[in-house]
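Residues per chain, in single letters:
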Amino acid sequence: MPGVTSLTYLQFQATYNILSLALASMIFTALYLLVSQGRVLPRYRNALVVSATVCGIAAYHYWRIFDSFSDAYVASAGNPDDPASWVYNLEVGVGFNEGYRYVDWLLTVPLLLVETIAVLALGRVAQKALLTRLIPASALMIILGYPGEISTDMTTRLVWGTLSTIPFIYILYVLFVELSKSLARQPKDVRDTVGRLRLLLLATWGVYPISYLFPVFGLEDGNSFMWRQIGYSIADVLAKCLYGLVIYKIARLKSFADSSAFAKEEGMN
């Protein structure tokens, strides 16, 4: 958050490593999804392409976040023989750019919605109606959250966070309802996975507001910064990589249910 001018050795290393982990996860999940397209029927491949695109966009932004963090905080105090004593101070005129996350979310959240709806294989009219409702809400959610993210004033953070929560809850409600309604239309082998997808959606998206509120929980600046980066990064890996892999699993199962010949070709019969 703005105003965090120094980090301890532990805080720096934890942040550095979680950003590195998230970057690697995004890159290789994107590659895996791209090369796996042939393992689902053509009608479901768009969901995999969108999932890979989400991870690819996130990988680019994590690379930018990683570089921004590495450039912003430089070891400038402590015993050279004792790394645990080092202090990483914010470079004058550099700063850590938190905006990369929000640009990423502005692009990837609508695509996450697209991949979820695509794998359900709803009719064209139903898909369009859902996306018309959800994509503007996702943009509003992110735009409203950003002023609070960059503010050092807790009241400002809470006000903008509350406003951002309104479209956030609306999106989760609509998706949960639509996924629940789709269960009856899903092949038997797919229902349990779609049911778990609903819970994964709630669990992963729920990490974001918790991470956003860490500064309000009374954590000191360095700890608040570290735990927010950890929380956001873990949430991103779950909501993009793990979610994309679950989408892939659903696409595979639906492909087998739709075509016994394809299932036999894939060795499932």
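Residues numbered from 1 in each chain as written. Predicted model: local features only at pLDDT ≥ 70, side-chain atom pairs only at ≥ 80, totals over all residues. Heavy atoms only, no water.

### Overview of the overall build of the protein
Right, so step 1: For the protein, the count of helices and strands is nine helices and three strands.
Right, so step 2: Counting helices and strands in the order they occur from the N terminus, the protein gives β-α-α-β-β-α-α-α-α-α-α-α.
Right, so step 3: Computed over the C-alpha atoms, the radius of gyration of the protein is 21 Å, within 12% of the 18 Å expected from 2.2 N^0.38 for a compact globule of 269 residues.
Right, so step 4: Summarising its shape, the C-alpha atoms of the protein cover approximately 65 × 40 × 25 Å along the three principal directions.
Right, so step 5: Across the 269 residues that make up the protein, the buried fraction comes to 48%.
Right, so step 6: Within the protein, residue pairs in contact and separated by at least 24 positions form 76% of the contacts whose partners lie at least 6 positions apart.
Right, so step 7: Accessible area of the protein: about 12,600 Å², with a carbon and sulfur share of 64%. (Helix = DSSP H or I, 4+ residues; strand = E, 2+ residues; numbered from the N terminus. Rg over C-alpha atoms; globule rule 2.2 N^0.38 Å. Buried < 20%, exposed > 50% of the residue type's maximum accessible area, 1.4 Å probe, protein only. Contact = heavy atoms within 4.5 Å. Areas by Shrake-Rupley, 256 points an atom, 1.4 Å probe, with all protein chains shown as cover.)

### Section: the side chain of H61
Right, so step 1: For H61, the location among the structural elements is in helix 2 (residues 42–72).
Right, so step 2: Overall, the relative accessible area of 6% leaves H61 in the buried class.
Right, so step 3: Excluding anything up to four places from it in sequence, H61 contacts Y100, V103, D104 and L107.

### Section: the environment of A30
Right, so step 1: By the secondary structure assignment, A30 is in helix 1 (residues 9–35).
Right, so step 2: What makes A30 buried here is its relative accessible area of 8%.
Right, so step 3: Between the C-alpha atoms of A30 and T108, which are 78 residues apart in sequence, the distance is 13 Å.
Right, so step 4: A30 has contacts with A52, C55 and G56, leaving out every residue within four places of it along the chain.

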